Amino acid sequence: MTKQVKVGKVKIGGGAPVSVQSMTNVSVLDIDSTLKQIEDLEKAGCDIARIAVPNLNALESFKKVRLQTDMPLVADVHFDARIAVGAIEAGADKVRINPGNIPLSQLDSIIDCARCHRVPIRIGVNGGSVDGKILEECNGNKLQALKSNLAKYVRYFESKNFDDLVLSVKSSDVTEMVEANRFLADLPYPVHLGVTEAGLSNQGIVKNSIGIGSLLLNGIGDTIRVSLTANPVEEVYAGLEILKALNLRGGVKFVSCPKCGRCSIDLENIAKEVYDYARTIDKNIKIAVMGCEVNGPGECRDADLGLAGANGCCVFFKNGQVYKRVKSIEAVELFKKEIELLTNDN
């Protein structure tokens, strides 16, 4: 079991539940937009939000954001240790630094400030910004360079008796990311998982699900971020679905079937509307939306609440029993009411 650190009110590692992170994608100088994104992330189920703090001038805006939200905030810092120190003093709950662009010679001030304020540090190595000198020393082997770069920084922090650390090694290559993170499993620190620069939603969710999911199945990983070229809320939804699929997070479990020629209802739109309505409900229930009489009754009987298409109509199931038949055009709104009644009863 890894060491446990606290990021605001959220615990990472040491047996704590796997947390879901995302990152705002607007300038922190736009305080209102940043706060609106944080609010949206929180509503979606995000546990920790990261904010890019690109320069010293951004620190005042970061401080104003900090004062207006209870969300645990991570300051994402590159190139200049003074920014990391300023972010900690402005109220950051954690700071992420990149060994690829902050030299060892600048670390002491960050360590001293983080120790004073009891703020953890994430050492985040990325395939796209690995230290060129280390890459050369590793004869161009990026995987080895990523491991070496991270290990070098961990040893330095340990030499300063600072172990309030979270570690991450990210790559846009799924295999590389998985192999690198297996190396982290031998270290006593919490691990932050993610496939970086994963792309647009469809490809990015696939890459992250394989990379993050395979590691979590092997007991590696304490907090995750699904990086997508998309609204950050989509990152949170994807992260939560990964955890639910692995039975690492409660909430609504939703199943729906692939549509075939037997289906006589508008399954795709019905399923989408039901899923969008139910996805953020904080109750451990299973909901099934099925298209026909082949697998529909079986899946619906296995769910707390189910809907199955039948000859252009829809049949509702509760606790394994049929209890209502409705016209398909009315199905979504009536089914939402059934979900509401069920969640209120629970």
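As a reminder, the structure under discussion sits directly above these lines.
Residues numbered from 1 in each chain as written. Predicted model: local features only at pLDDT ≥ 70, side-chain atom pairs only at ≥ 80, totals over all residues. Heavy atoms only, no water.

With respect to the sheet that holds strand 11 (residues 253-256)
Reading across the sheet, the five strands line up as 11-12-13-14-15 and stay open at both edges, with mixed pairing between neighbours. Of all the strands in the sheet, just strand 11 and strand 15 (321-327) have a single pairing partner and so form its edges. Along the sheet, successive strands turn relative to each other by an average axial angle of 20 degrees, direction set aside. Each of strand 12 (286-290), strand 13 (305-310), strand 14 (313-318) and strand 15 touches helix 12 (residues 328-345); the most contacted strand, strand 15, lies at about 140 degrees to it. (Pairing = 2+ DSSP bridges. Helix = DSSP H or I, 4+ residues; strand = E, 2+ residues; numbered from the N terminus. Axes fitted to C-alpha atoms, helices over the stretch in contact; angles between N-to-C directions. Contact = heavy atoms within 4.5 Å.)

Focus: the packing of aromatic side chains
In the structure shown here, the tally under the stated rule is four aromatic pairs. Geometrically, the ring pair formed by Phe254 and Tyr275 is tilted, given 5.3 Å between the ring centres and 50 degrees between the ring planes. Here Phe254, found in strand 11, pairs with Tyr275, found in helix 10 (residues 267-278); they are 21 residues apart in sequence, far enough to count as distant. Its relative accessible area of 22% is what places Phe254 among the partly exposed residues. Note on Phe316 and Tyr323: the rings are 6.3 Å apart at their centroids and 55 degrees apart in plane angle, and the pair reads as tilted. Judged by relative accessible area, which is 0%, Phe316 ranks as buried. Every member of this aromatic cluster is reached through a ring pair, and the members are Phe316, Tyr323 and Phe335. (Phe/Tyr/Trp six-rings, centres within 6.5 Å; stacked < 30°, edge-to-face > 60°. Buried < 20%, exposed > 50% of the residue type's maximum accessible area, 1.4 Å probe, protein only.)

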